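Listed below, chain by chain, are the residues.
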Amino acid sequence: PLTGKPIRCKAAISRTAGEPLEIEEIEVAFPIDWEVRIKILCTSICHSDVTFWKLKAPIGVFPRIFGHEAVGVVESVGAKVTEVKEGDTVIPVFISNCQECRDCKSKKSNICTKVPFRFFPGMPRDGRSIFKDSKGAIVHNFLAISSFSEYTVVDVSHLVKIEAGFPPEKACLLSCGVTTGVGAVWKAAQVEEGSTVAIFGLGAVGLAVAEGARLHKASRIIGVDLSIEKFEIGKKFGVTDFINPADCKDKNISEVIKEMTDGGADYCFECIGLATVMSDAFNSCRKGWGKTVILGVEKHGSPISFSPAEVLWGRTFTGTSLGGIKPKSDIPVLIQWYMDKELHLDEFITDQMGFQDINKAFDLLTQGKSLHNEVQS
Ligand code: CXF
Ligand code: ZN
């Protein structure tokens, strides 16, 4: 390892909102204190990367290195790190997990307050920048991970150590999307056997919700998506019924779901990131105990609206980040479910390519042609 020295390597830099990434040589700082420098083995693209890549300045921050679904190997560690060492395989996660704060110790939260989540680029504890381009200018990081780089620096509170032999192309799925979907069922909603579930949006996160619902023995798993192809894919993950909102001409989607489920689904999950769909999901859950969970960033920053009377009749509306999963203790459980052949992961991978083809991976995802495409260095 280049302990105490910066590393020069290649990274895919996003210089302008919505424009192709540019593979450039960068300098990655050496890790200090609680930081860990990792060599990325495999990374995949999550829709949140796309959402923030499209955001124009001044809200969008550029130049930036996106990417937060990954797996890597520890190259060197800062002086205060004892939890991992050179050669360990780790999954970086955008949610920290210090395991000491009030939130980490509570069963009710996965939002660590000791190393709080910050939208502003920079390392989580001191805000410092770790990347420089070939001219010495700062390149910002993303969600404290920035995995579209051969090397990156991540705070140890954001790392989960896993077995070295676990296949990297499956491991990186557990870094965000699949964990978010399965976690939303397991932790956030706590779906019981025999429940009815409606999933709005059958992308990777929505399919992971279906997978979680299947594992939790939901009796009916209704997928809502504008693409009929998603139903065929969804069946592999346990989707039992499909609704294309474009076919619901004289009824709105909530009426259709209420008819199908004798009053509304027990649990609704919004997996697209649109305020109007969040309202539809809420209106589709049943009176008395229906619960709606939103899983991701609202793409346009729009507010949600629904009638207070609907809440008054016992419906719950809630949200979750990373599905309520506590990375260090819960991701190993998901790994065990995969090893026990209970949790499907292989089916989430639709394309695999080299790092130099990362823009192709972006194109496939933005055109809705893939679930998870992965790039390996
Ligand atoms: C999101 C959740 C909220 C902040 C940004 C990232 N999740 C992952 O993609
Ligand atoms: Zn993500």
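Residues numbered from 1 in each chain as written. Chains lettered and ligands numbered in written order. Predicted model: local features only at pLDDT ≥ 70, side-chain atom pairs only at ≥ 80, totals over all residues. Heavy atoms only, no water.

**Thoughts on the site of ligand 1**
So, step 1. The local shell around ligand 1 consists of Cys46, Ser48, His68, Phe94, Phe117, Phe119, Leu143, Cys176 and Val297.
So, step 2. Residue Ser48 places a side-chain N or O atom 2.5 Å away from an oxygen atom belonging to ligand 1.
So, step 3. In the environment of ligand 1, an oxygen atom lies 3.1 Å from a nitrogen or oxygen atom belonging to the side chain of His68.
So, step 4. Here the shell around ligand 1 is built from residues that sort into seven nonpolar, two polar and no charged. (Near = heavy atom within 4 Å. Polar contact = N/O pair within 3.5 Å; in protein donor to acceptor, adjacent residues only side chain to side chain. Nonpolar A, V, L, I, M, F, W, Y, C, P; charged D, E, K, R; others polar.)

**Points about helix H6 (residues 229-236)**
So, step 1. When H6 is considered as a whole, its buried residues turn out to be Lys230, Phe231 and Gly234. Looking straight down H6, one finds its buried side chains confined to an arc of 100 degrees; they lie on one side. Along H6, exposed side chains directed more than 90 degrees from the buried face belong to Glu229 and Lys236.
So, step 2. Where H6 is buried, its residues meet helix H5 (204-215) and strand E12 (241-243).
So, step 3. Positive phi shows up at Gly238, right after H6, with a value of about 100 degrees. (Buried < 20%, exposed > 50% of the residue type's maximum accessible area, 1.4 Å probe, protein only. Helix = DSSP H or I, 4+ residues; strand = E, 2+ residues; numbered from the N terminus. Arc of directions from axis to C-beta. Contact = heavy atoms within 4.5 Å.)

**Focus on the packing of aromatic side chains**
So, step 1. Per the stated rule, a full pass over the model turns up 15 aromatic pairs.
So, step 2. With a centroid separation of 5.5 Å and 35 degrees between ring planes, the pair formed by Phe52 and Phe119 is classed as tilted. A residue pair is termed long-range when its members are at least 10 positions apart, and Phe52 in helix H1 (residues 47-54) and Phe119 in the loop between helix H2 (102-105) and strand E6 (131-133) qualify at 67 residues.
So, step 3. Ring geometry for Phe62 versus Phe66: centroids 6.4 Å apart, planes at 65 degrees, classification edge-to-face.
So, step 4. Overall, the relative accessible area of 19% leaves Phe62 in the buried class.
So, step 5. The exposure class of Phe66 is buried, given its relative accessible area of 1%.
So, step 6. Here the aromatic cluster, defined as three or more aromatic residues joined through ring pairs, consists of Phe52, Phe62, Phe66, Phe94, Phe117, Phe119 and Phe142.
So, step 7. Directly above the aromatic system of Phe231 lies the positively charged group of Lys235, at a separation of 5.0 Å from the ring centroid.
So, step 8. Positioned above the aromatic ring of Trp289 is the side chain of Arg286, whose terminal nitrogen or guanidinium carbon lies 4.2 Å from the ring centre. (Phe/Tyr/Trp six-rings, centres within 6.5 Å; stacked < 30°, edge-to-face > 60°. Lys NZ or Arg CZ within 6 Å of the ring centre and 35° of its normal.)

**Some words on the sheet that holds E6**
So, step 1. Strand order in this open sheet of four strands is E1-E2-E6-E7, and the pairing throughout is antiparallel. Two strands bound the open sheet, and with one partner strand each, they are strand E1 (7-13) and strand E7 (138-139).
So, step 2. Where strand E2 (residues 22-28) meets E6, three bridges bridge the pair, whose relative direction is antiparallel. Paired with Val28 across the bridge in E6 is Phe131. (Pairing = 2+ DSSP bridges.)

**Overview of the coordination of the zinc ion (ligand 2)**
So, step 1. Distances from the zinc ion (ligand 2) to its protein donors, Cys46 (SG), His68 (NE2) and Cys176 (SG), fall at 2.0 to 2.2 Å.
So, step 2. One can describe the site at the zinc ion (ligand 2) as tetrahedral: its four donor atoms subtend angles covering 99 to 126 degrees at the metal.
So, step 3. Going along the chain, you hit the donors of the zinc ion (ligand 2) in the pattern C-x21-H-x107-C. Of this pair, Cys46 sits in the loop between strand E3 (35-44) and H1 while His68 is found in the loop between H1 and strand E4 (69-77), placing the two residues 22 residues apart along the sequence.
So, step 4. Here His68 falls in the buried class, since its relative accessible area comes to 1%. (Donors = N, O, S within 2.8 Å, 3.2 Å for Na, K, Ca; no water. Tetrahedral: all angles 85-135°; square planar, octahedral: opposite > 155°, others 65-115°.)

**Observations regarding H1**
An α-helical turn contains 3.6 residues, so a residue and the one three or four places further along point in the same direction.
So, step 1. Buried residues dominate H1, accounting for six of its eight residues.
So, step 2. For H1, the complete set of buried residues consists of Ser48, Asp49, Val50, Thr51, Phe52 and Trp53.
So, step 3. Residues of H1 that are buried sit in contact with E3 and helix H11 (358-366).

**What to know about the pairing of strand E5 (residues 89-92)**
So, step 1. The side-chain alternation of E5 yields two buried faces, one formed by Thr89 and Ile91 and the other by Val90 and Pro92.
So, step 2. Where E4 lies against E5, two bridges are found, and the strand directions are antiparallel. Its bridge partner being in E5, Gly72 is matched across the sheet by Val90.
So, step 3. The pairing of E5 with strand E9 (residues 159-162) spans four bridges and is classified as antiparallel. Bridging from a neighbouring strand, Val90 pairs with Lys161 of E9.

**Description of the side chain of Asp155**
So, step 1. Locating Asp155 in the fold gives a position in strand E8 (residues 151-155).
So, step 2. Here the side chain of Asp155 touches Arg125 through a polar contact of 2.8 Å, side chain to side chain.

**Brief notes about unusual backbone geometry**
So, step 1. Cis rather than trans, the peptide bond between Ala57 and Pro58 has omega equal to 5 degrees.
So, step 2. Note that Pro58 resides in the loop between H1 and E4.
So, step 3. Cis peptide bonds are those with omega within 30 degrees of zero, and the linkage from Phe62 to Pro63 qualifies with -10 degrees.
So, step 4. Looking at the element boundaries, Pro63 is found in the loop between H1 and E4.

**A word on the pattern of salt bridges**
So, step 1. Tallied over the full model, the rule gives 21 salt bridges.
So, step 2. Measuring nitrogen to oxygen at the nearest pair gives 2.8 Å for the salt bridge that ties Asp155 to Arg125. Highlighted residues: Asp155 in strand E8 and Arg125 in the loop between H2 and E6, separated in sequence by 30 residues.
So, step 3. Residue class for Asp155 comes out buried when judged on its relative accessible area of 3%.
So, step 4. Salt-bridge contacts for Asp346 lead to Lys170; the nearest nitrogen and oxygen are separated by 3.7 Å. Separated by 176 residues along the polypeptide, Asp346 in the loop between helix H10 (327-339) and strand E16 (349-354) and Lys170 in helix H3 (residues 168-171) bring together distant segments of the chain.
So, step 5. On the basis of relative accessibility, which here comes to 37%, the residue Asp346 falls in the partly exposed class.
So, step 6. Taking relative accessible area as the criterion, Lys170 reaches 12% and is therefore assigned buried. (Salt bridge = Lys/Arg side-chain N within 4 Å of Asp/Glu carboxyl O.)

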